[in-house]
Amino acid sequence: MARQKWGSRWAFVLAAIGSAAGLGNAWRFPYMAYSNGGGAFYIPYFVALFIAGIPILMAEFGVGQGFQASAPKAMRKISKGAEFIGWWAVITGAIITFYYNVIMAWIFNYLYHSLGVAWKNDPKGFFFGDFLKLTDGPGQLGGLRWPIVIGLFIAWLWVYLILRKGTESVGKTVMWTVPLPIILLLILGIRGITLPGAATGLNFLFEPNFAKLADPRVWANAFGQIFFSLSVAFGVMIAYGSYNDKKNDIANNTIITALGNSATSFLAGIAVFSVLGYMAQQTNVPVDEVVSGGVGLAFVVYPQAISLIPGGPIVQSIIGLAFFVMLLTLGIDSAFSLVEAAEAAAGDKFKINMKSFLIGFSIVGFIFGLIFATQGGLYWLDIIDHFMGTYALLVVGILESIVIGWIFGAKKLRDYINSVSEIKIGSWFDISLKYVIPIVLIFILALNIADEIKNPYGGYPGWSLAIGFLVFILVPILAVIFAKIPSKDEKYDVVEKEITFEEE
Ligand code: TRP
């Protein structure tokens, strides 16, 4: 069976931007920039983007497209022993979908709660109390929260429908789910900057604190943000690249994807901080006491700001809807891209029928997701995300850059990329892939481990963090097992020393 292909160049680029631009752009980037030097953060940010982010993204597109293969198969083509790294990537991504879709479920609920601004003037009590009915700790799961279960069902159904016809249905979806959040961010940003106090908020985001640049942690955070934001190391970009023709341009598309993703982040920063400035002014507290990131920003702080916006409940409901539709359409492309990466991997190796895989995966994802849909689910979401989104990303990123940069050879990959691309890439690509990326990622990993030992994550009880660690460790074991199972495709095992164009 021939490999499926993107219907157009834009289907591919939009799908890639859609995967990269996720909830992190809205709730992680603004907070990162604010707490790491404000306007000065853009220096390490762009340095990281150009010397590490663009090269790793280009390498992922390159191996996916060059080998016409998902992550495990592409790794296998480079070296037999490397296949498990691809599985490590996609299994981690699969676990992420289990809780990512629970966040989608919360957002579905908040679409509904936006109508009439259900949180009134106590968004915190509403979110943790009325909505999550949060227990006292990870040891108490409590019962299922049925509104979340229903949202979770809708999220999986949506993912299934989007992926059902592969690149064809994905291509149709991203034509609107990628531009729509950007348009909504623009609208929210314009409403934000025209509110009194917005300038104070934006000053917090953009005022440069150059002294911060002397702190290595600020640099580590910039590189970390770039890696996380570009959705690399979970096999997504490799799978997406593999649906291109071998002769497709790579360099150009990489740069468009990376810049499109960053533009979404900047826009989100403006939309969020202008409103925070307004809120600080209305409530008479300093801006730095209202800023936050993550779940707290999306479900507590921003809703609070909404209930302060002038114009009464109807205007507030509309802004609430706009905000949560923005988050929903921002997040959905990231969610289904992870499922697509797993599907591509399973399809390549086991020749599984796409539809049965999708149905099976969605059911399994829904069932595992129920853990996070309990009253204690938020704790587990946070713990598992810590190990997957931080540690697994770093370890897979290190291994992947070594396999591509050293075992396959950065120069060889660059020659292939240059042979198909309009823009020619210089030898900085090799230096980046072979030295900069692995060294920086090892440094960040070491910093994280040092912090973790001093200060275990989130103040959770040790046993619960141990379970998170166990999940982290089980993934590579499972990955090795998957790599050992013989493939149904006799060509799967053939190691290719070069990327060639013969079969076309
Ligand atoms: N880039 C996404 C964001 O900024 C998060 C993310 C990281 C992701 N790795 C991923 C999403 C892999 C999909 C696939 O929100």
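The preceding data block contains the structure.
Predicted, not measured: the structure shown is a model, and the values here were computed from it.

## Focus: the overall build of the protein chain
Here is step 1 of the chain: Per the secondary structure count, the protein chain includes 21 helices and zero strands.
Here is step 2 of the chain: Against the 2.2 N^0.38 benchmark of 23 Å for 504 residues, the protein chain shows a C-alpha radius of gyration of 22 Å, consistent with a compact globule.
Here is step 3 of the chain: Once the C-alpha set of the protein chain is aligned to its principal axes, its extents read approximately 65 × 50 × 45 Å.
Here is step 4 of the chain: Residue pairs in contact within the protein chain that sit at least 24 positions apart in sequence constitute 87% of those at least 6 positions apart.
Here is step 5 of the chain: Total accessible area on the protein chain stands at roughly 19,100 Å², and carbon and sulfur atoms take up 68% of it.
Here is step 6 of the chain: Charged side chains in the protein chain number 33 positive and 32 negative. The centres of these two groups are separated by 4 Å.

## Quick notes on helix α14 (residues 251-283)
Here is step 1 of the chain: Over its 33 residues, α14 extends 48 Å from the first C-alpha to the last, a length consistent with the 48 Å expected when each residue adds 1.5 Å.
Here is step 2 of the chain: Just downstream of α14 lies Asn284, where phi reads positive at about 60°.

## Some remarks on the side chain of Thr254
Here is step 1 of the chain: Looking at the secondary structure, you find Thr254 in helix α14.
Here is step 2 of the chain: Setting aside residues up to four positions removed in sequence, Thr254 forms contacts with Ile54, Leu57, Met58 and Phe61.

## Digging into the nonpolar core
Here is step 1 of the chain: Of all hydrophobic cores here, the largest spans 191 residues; its most connected members are Trp106, Phe299 and Leu413.
Here is step 2 of the chain: No other element matches the 23 residues that helix α19 (residues 377-420) contributes to this core.
Here is step 3 of the chain: Trp106 has contacts with Phe127, Phe131, Leu132, Ile148, Val295, Phe299, Leu378 and Leu381, leaving out every residue within four places of it along the chain.

## Focus on the environment of Val47
Here is step 1 of the chain: Locating Val47 in the fold gives a position in helix α4 (residues 42-67).
Here is step 2 of the chain: A relative accessible area of 31% places Val47 in the partly exposed class.
Here is step 3 of the chain: Counting along the chain gives 25 residues from Val47 to Pro72, while the straight-line C-alpha distance between them is 30 Å.
Here is step 4 of the chain: Beyond its immediate sequence surroundings of up to four residues, Val47 is in contact with Ala52 and Trp219.

## A look at the pattern of salt bridges
Here is step 1 of the chain: According to the stated counting rule, one finds 11 salt bridges in the structure shown.
Here is step 2 of the chain: Put simply, Arg76 and Asp493 hold a salt bridge, and the shortest N to O gap is 2.8 Å. Note that Arg76 is positioned in helix α5 (residues 71-78) and Asp493 in the segment after α21 (462-484), a separation of 417 residues in sequence.
Here is step 3 of the chain: By relative accessible area, which is 39% here, Asp493 ends up partly exposed.
Here is step 4 of the chain: Through salt bridges with shared partners, one network takes in Arg76, Glu83, Lys349 and Asp493.

## Overview of the packing of helix α8 (residues 146-163) against helix α9 (residues 167-177)
Here is step 1 of the chain: Taken N-terminus to C-terminus, the directions of α8 and α9 make an angle of 115°; their axes are 7 Å apart at the nearest point. Side by side, α8 and α9 meet where Trp158, Leu161, Ile162 and Leu163 of the first sit next to Ser169, Val170, Thr173 and Trp176 of the second.
Here is step 2 of the chain: Each residue belonging to the contact of α8 with α9 can be placed in one class, and the counts come to six nonpolar, two polar and no charged.

## Some thoughts on the site of the ligand
Here is step 1 of the chain: Neighbouring the ligand are 15 residues; Ala20, Gly24, Phe228, Ser231 and Leu338 lie closest to it.
Here is step 2 of the chain: A distance of 2.7 Å separates an oxygen atom of the ligand from a polar atom in the backbone of Gly24.
Here is step 3 of the chain: Within the backbone of Phe228, a nitrogen or oxygen atom sits 3.0 Å from a nitrogen atom of the ligand.
Here is step 4 of the chain: Elements supplying a minimum of two residues to the shell around the ligand: α1 (9-20), α2 (23-27), α12 (216-229) and α17 (312-350).

## A closer look at α1
Here is step 1 of the chain: The terminal C-alpha atoms of α1, which comprises 12 residues, lie 17 Å apart, in line with the 16 Å expected from a rise of 1.5 Å per residue.
Here is step 2 of the chain: Across the 12 residues that make up α1, a large majority, 10, are buried.
Here is step 3 of the chain: By the burial criterion, the buried members of α1 are Ala11, Phe12, Val13, Leu14, Ala15, Ala16, Ile17, Gly18, Ser19 and Ala20.

## What about the packing of aromatic side chains?
Here is step 1 of the chain: For the structure shown, the criterion picks out 55 aromatic pairs.
Here is step 2 of the chain: Ring centres of Trp6 and Tyr243 lie 5.9 Å apart, and the angle between their planes is 70°; this geometry places the pair in the edge-to-face category. Taken together, the positions of Trp6 in the segment before α1 and Tyr243 in the loop between α13 (236-242) and α14 put the pair 237 residues apart, joining distant regions of the chain. Summarising the burial analysis for this pair, Trp6 and Tyr243 share the class buried.
Here is step 3 of the chain: Each residue in the set Trp106, Tyr110, Trp119, Phe126, Phe127, Phe128, Phe131, Phe299, Tyr302, Phe323 and Phe324 is aromatic and connected to the rest through ring pairs, giving one cluster.
Here is step 4 of the chain: Here the guanidinium or amino end of Arg9 rests over the ring plane of Trp10, the centre of that ring lying 5.5 Å away.
Here is step 5 of the chain: If you follow Lys434 out to its NZ or CZ, it ends over the ring of Trp406, 4.6 Å from the centre.

Rules and cut-offs
- Residues numbered from 1 in each chain as written.
- Predicted model: local features only at pLDDT ≥ 70, side-chain atom pairs only at ≥ 80, totals over all residues.
- Heavy atoms only, no water.
- Helix = DSSP H or I, 4+ residues; strand = E, 2+ residues; numbered from the N terminus.
- Rg over C-alpha atoms; globule rule 2.2 N^0.38 Å.
- Contact = heavy atoms within 4.5 Å.
- Areas by Shrake-Rupley, 256 points an atom, 1.4 Å probe, with all protein chains shown as cover.
- Lys, Arg positive; Asp, Glu negative; His and termini not counted.
- Charge placed at Lys NZ, Arg CZ, Asp CG, Glu CD.
- Expected span 1.5 Å × (residues − 1).
- Core = buried A, V, L, I, M, F, W, Y, C linked by side-chain atoms within 4.5 Å.
- Buried < 20%, exposed > 50% of the residue type's maximum accessible area, 1.4 Å probe, protein only.
- Salt bridge = Lys/Arg side-chain N within 4 Å of Asp/Glu carboxyl O.
- Axes fitted to C-alpha atoms, helices over the stretch in contact; angles between N-to-C directions.
- Nonpolar A, V, L, I, M, F, W, Y, C, P; charged D, E, K, R; others polar.
- Near = heavy atom within 4 Å.
- Polar contact = N/O pair within 3.5 Å; in protein donor to acceptor, adjacent residues only side chain to side chain.
- Phe/Tyr/Trp six-rings, centres within 6.5 Å; stacked < 30°, edge-to-face > 60°.
- Lys NZ or Arg CZ within 6 Å of the ring centre and 35° of its normal.

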